[in-house]
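Structure assessment
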Amino acid sequence: MVLLCYSLSAAIAGGLYDHIVPTRMWSKSPPSSFSIIQPTTGVPLQRFWIPVHAAITLFIILSLMMTWSDMTVRRLLLVALVCYIVMRVWSFLFFIPEMLAFQNVPLDSAHPPSSRLGSPDGHSGRFREPLDIISFLFSLLALYSLNR
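Some points on the overall build of the protein
Across its full length, the protein holds 6 helices and 0 strands. A total of 148 residues make up the protein; the buried ones form 40% of that total. Pairs at least 24 apart in sequence give 75% of the contacts found in the protein among residues at least 6 apart. When the accessible surface of the protein is split by element, carbon and sulfur atoms take 70% of a total near 8,500 Å².

As structure tokens, this is what we get:
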């Protein structure tokens, strides 16, 4: 369960970093600033996010399997799992398709796609980070309950 908490904290830190650094850079002067997120010239986001989400998935399943007999811990981990699943579904439906669209925009395009992806209330920040934080907090509560 400790590894679950570490991997969730990595997701939170990565989300904050993405919001503070690359998002501000690529939304500055589109479409030329999209080079920061282009697959060949930009930050390789998948190299970070795929292992982090694989770790979270593995550790939450292992944590549930190892603590299934403790009803309090199980309930806390199930809340964390539901929040994580909602965040992933939201990402697959909205965030990932928008990010892929931005990654494929030619840097010399006269008309970049319109989206609220980079805005503070856009898809990237509205639900993803808070759901990651809720999953993390419920995992911490489960860890605390297990060690009481």
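Here the narrative resumes, following the displayed structure.
Section: the packing of aromatic side chains
Evaluation of the coordinates by the stated rule reveals 2 aromatic pairs. Measuring from centroid to centroid gives 4.8 Å for Phe48 and Trp49, while their planes differ by 85°, and the two rings are edge-to-face. The exposure class assigned to Trp49 is buried, which follows from its relative accessible area of 14%. The interplanar angle of 45° and the centroid separation of 4.2 Å between the aromatic rings of Trp90 and Phe94 together place this pair among those described as tilted. Remark: Phe94 and Trp90 occur in helix α4 (residues 71-103); sequence separation between them is 4 residues, near one turn of the helix. Of the residues examined, Phe94 reaches a relative accessible area of 30% and is grouped as partly exposed. Directly above the aromatic system of Phe95 lies the positively charged group of Arg128, at a separation of 4.0 Å from the ring centroid.

Some thoughts on the side chain of Ser7
Assignment of secondary structure puts Ser7 in helix α1 (residues 2-20). Judged by relative accessible area, which is 8%, Ser7 ranks as buried. Contacts of Ser7, omitting those with residues within four sequence positions, involve Val52, Ala55, Ile56 and Phe59.

Re the packing of α1 against helix α6 (residues 128-146)
Closest axis-to-axis distance for the α1/α6 pair is 9 Å, and the angle between their directions is 160°. If you check the angle between α1 and α6, you find them roughly antiparallel. Our pair here, α1 against α6, has a crossing hand that is left-handed. The segment α1 lies against α6, with Val2, Leu4, Cys5, Leu8, Ser9, Ala11, Ile12, Gly15 and Leu16 engaging Glu129, Asp132, Ile133, Ser135, Phe136, Ser139, Leu140 and Leu143. Across the contact of α1 with α6, the residue classes tally to 11 nonpolar, 4 polar and 2 charged.

What counts as what
Residues numbered from 1 in each chain as written. Predicted model: local features only at pLDDT ≥ 70, side-chain atom pairs only at ≥ 80, totals over all residues. Heavy atoms only, no water. Helix = DSSP H or I, 4+ residues; strand = E, 2+ residues; numbered from the N terminus. Buried < 20%, exposed > 50% of the residue type's maximum accessible area, 1.4 Å probe, protein only. Contact = heavy atoms within 4.5 Å. Areas by Shrake-Rupley, 256 points an atom, 1.4 Å probe, with all protein chains shown as cover. Phe/Tyr/Trp six-rings, centres within 6.5 Å; stacked < 30°, edge-to-face > 60°. Lys NZ or Arg CZ within 6 Å of the ring centre and 35° of its normal. Axes fitted to C-alpha atoms, helices over the stretch in contact; angles between N-to-C directions. Parallel < 35°, antiparallel > 145°, perpendicular 65-115°, else oblique. Left-handed = near helix turned anticlockwise from the far one by under 90°. Nonpolar A, V, L, I, M, F, W, Y, C, P; charged D, E, K, R; others polar.

Everything listed here is a matter of coordinates, which is why it stays silent on function.
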